[in-house]
Amino acid sequence: QQQVRQSPQSLTVWEGETAILNCSYEDSTFNYFPWYQQFPGEGPALLISIRSVSDKKEDGRFTIFFNKREKKLSLHITDSQPGDSATYFCAARTSSGQKLVFGQGTILKVYL
Amino acid sequence: DMKVTQMPRYLIKRMGENVLLECGQDMSHETMYWYRQDPGLGLQLIYISYDVDSNSEGDIPKGYRVSRKKREHFSLILDSAKTNQTSVYFCASSPSGWSAETLYFGSGTRLTVL
């Protein structure tokens with residue numbers, strides 16, 4: 001049972017466009033949602049995160065929008081650059097706080 | 001320099017052989033993790049270690065065991081490897097014990113079991 005789901009599986013945008021990556025979850029007790037970015041041949045690295053008490057978190061070109069009622073969140077990447085091409089994982093922290101549950105990832109490709 | 005180091009980067013084994021994957025971190029983090037990554041499945045948690053000799057099963061522990069005798073070192077062992085254990089394995093560490101905030105990942109070990 002996938003507790004954290006991501007869509008789309010893959011996404012292609014042109015340079016300068018806004019990429020929107022979606023994430024949904026089932027467990028209403030999840031309270032912390034990080035997004036990890038992974039480049040080929042490397043491990044994931046924390047990109048940006050949000051806590052369930054907030055509905056928006058911004059860091060440069062990256063913004064998380066969070067809808068607690070619908071159990072959904074999205075990552076918006078504005079002015080997308082070829083260097084943003086990577087796999088993005090949405091994750092959620094369990095209520096016990098002991099582990100992160102990851103989604104299956106979205107592969108983003110940004111073309112010139 | 002904060003780093004999680006995994007060895008080896010690539011490994012090919014035959015079915016039935018024993019496999020040892022090693023991970024080290026230089027940040028004195030209490031908590032360490034082993035994940036495996038498969039296409040379409042994302043990252044699946046195999047084991048968590050909260051400190052030396054304090055290990056807990058994750059979501060998919062079957063076929064794996066772990067060892068942590070020093071805080072900076074965490075090993076994943078596959079006794080009699082199976083072909084369905086072909087995957088990319090990631091080790092991670094976290095500075096928090098009970099609150100999994102930022103995870104720092106290694107570069108992974110790509111294991112092929114023939």
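Computed from a predicted model, the values in this text were never measured in an experiment.

## Section: the overall build of chain A
Argument step 1. Scanning chain A from terminus to terminus reveals 0 helices and 11 strands.
Argument step 2. Walking chain A from its N terminus toward its C terminus, one meets helices and strands in the order β-β-β-β-β-β-β-β-β-β-β.
Argument step 3. Taken over the C-alpha trace, chain A has a radius of gyration of 13 Å; the compact-globule value for 112 residues is 13 Å, and the two agree within 12%.
Argument step 4. Taken over the C-alpha atoms alone, chain A extends approximately 45 × 30 × 20 Å along its principal axes.
Argument step 5. Expressed as a percentage of its 112 residues, the buried residues of chain A come to 47%.
Argument step 6. Long-range pairs, those at least 24 residues apart, make up 54% of the contacts in chain A between residues at least 6 apart in sequence.
Argument step 7. Per element, the accessible surface of chain A, about 5400 Å² overall, is 47% carbon and sulfur.
Argument step 8. Side-chain charges of chain A comprise 12 positive and 11 negative groups, with the mean position of each set lying 10 Å from the other.

## Concerning the sheet that holds strand E7 (residues 65–70) of chain B
Residue and element names in this part refer to chain B.
Argument step 1. A sheet is described by the order of its strands in space; here 4 strands give the open sequence E1-E3-E8-E7, paired in antiparallel fashion. Two strands bound the open sheet, and with one partner strand each, they are strand E1 (4–7) and E7. Taking the axes of each pair of neighbouring strands and ignoring which way they run, one obtains an average angle of 20 degrees across the sheet.
Argument step 2. Inspection of the sheet shows E7 paired to strand E8 (residues 73–78) by 4 bridges, in the antiparallel sense. Each bridged residue has a counterpart across the sheet, and for Val-66 the counterpart in E8 is Leu-76.

## Considering the environment of Arg-65 of chain B
Residues and elements named next belong to chain B.
Argument step 1. Position of Arg-65 relative to the elements: it lies in strand E7.
Argument step 2. Separated by 25 residues in sequence, Arg-65 and Phe-90 place their C-alpha atoms 15 Å apart.
Argument step 3. For Arg-65, the residues in contact, after removing those within four places along its chain, are Tyr-47, Ser-75, Leu-76, Ile-77 and Asp-79.
Argument step 4. Side chain to side chain, Arg-65 and Asp-79 meet in a polar contact 2.6 Å long.

## Some details on the sheet that holds strand E1 (residues 4–7) of chain A
Residue and element names in this part refer to chain A.
Argument step 1. If you trace the 5 strands from one edge of the open sheet to the other, you get E1-E3-E8-E7-E6, paired in antiparallel fashion. Looking at strand neighbours, the two that pair on one side only are E1 and strand E6 (56–59), the edges of this open sheet. Between one strand and the next, the sheet's axes are offset by a mean angle of 15 degrees, whatever the strand orientation.
Argument step 2. Examined bridge by bridge, strand E7 (residues 62–67) and strand E8 (residues 72–77) share 6 bridges and lie antiparallel to one another. Its bridge partner lying in E8, Ile-64 is registered against Leu-75.

How each quantity is defined
- Residues numbered from 1 in each chain as written.
- Chains lettered and ligands numbered in written order.
- Predicted model: local features only at pLDDT ≥ 70, side-chain atom pairs only at ≥ 80, totals over all residues.
- Heavy atoms only, no water.
- Helix = DSSP H or I, 4+ residues; strand = E, 2+ residues; numbered from the N terminus.
- Rg over C-alpha atoms; globule rule 2.2 N^0.38 Å.
- Buried < 20%, exposed > 50% of the residue type's maximum accessible area, 1.4 Å probe, protein only.
- Contact = heavy atoms within 4.5 Å.
- Areas by Shrake-Rupley, 256 points an atom, 1.4 Å probe, with all protein chains shown as cover.
- Lys, Arg positive; Asp, Glu negative; His and termini not counted.
- Charge placed at Lys NZ, Arg CZ, Asp CG, Glu CD.
- Pairing = 2+ DSSP bridges.
- Axes fitted to C-alpha atoms, helices over the stretch in contact; angles between N-to-C directions.
- Polar contact = N/O pair within 3.5 Å; in protein donor to acceptor, adjacent residues only side chain to side chain.

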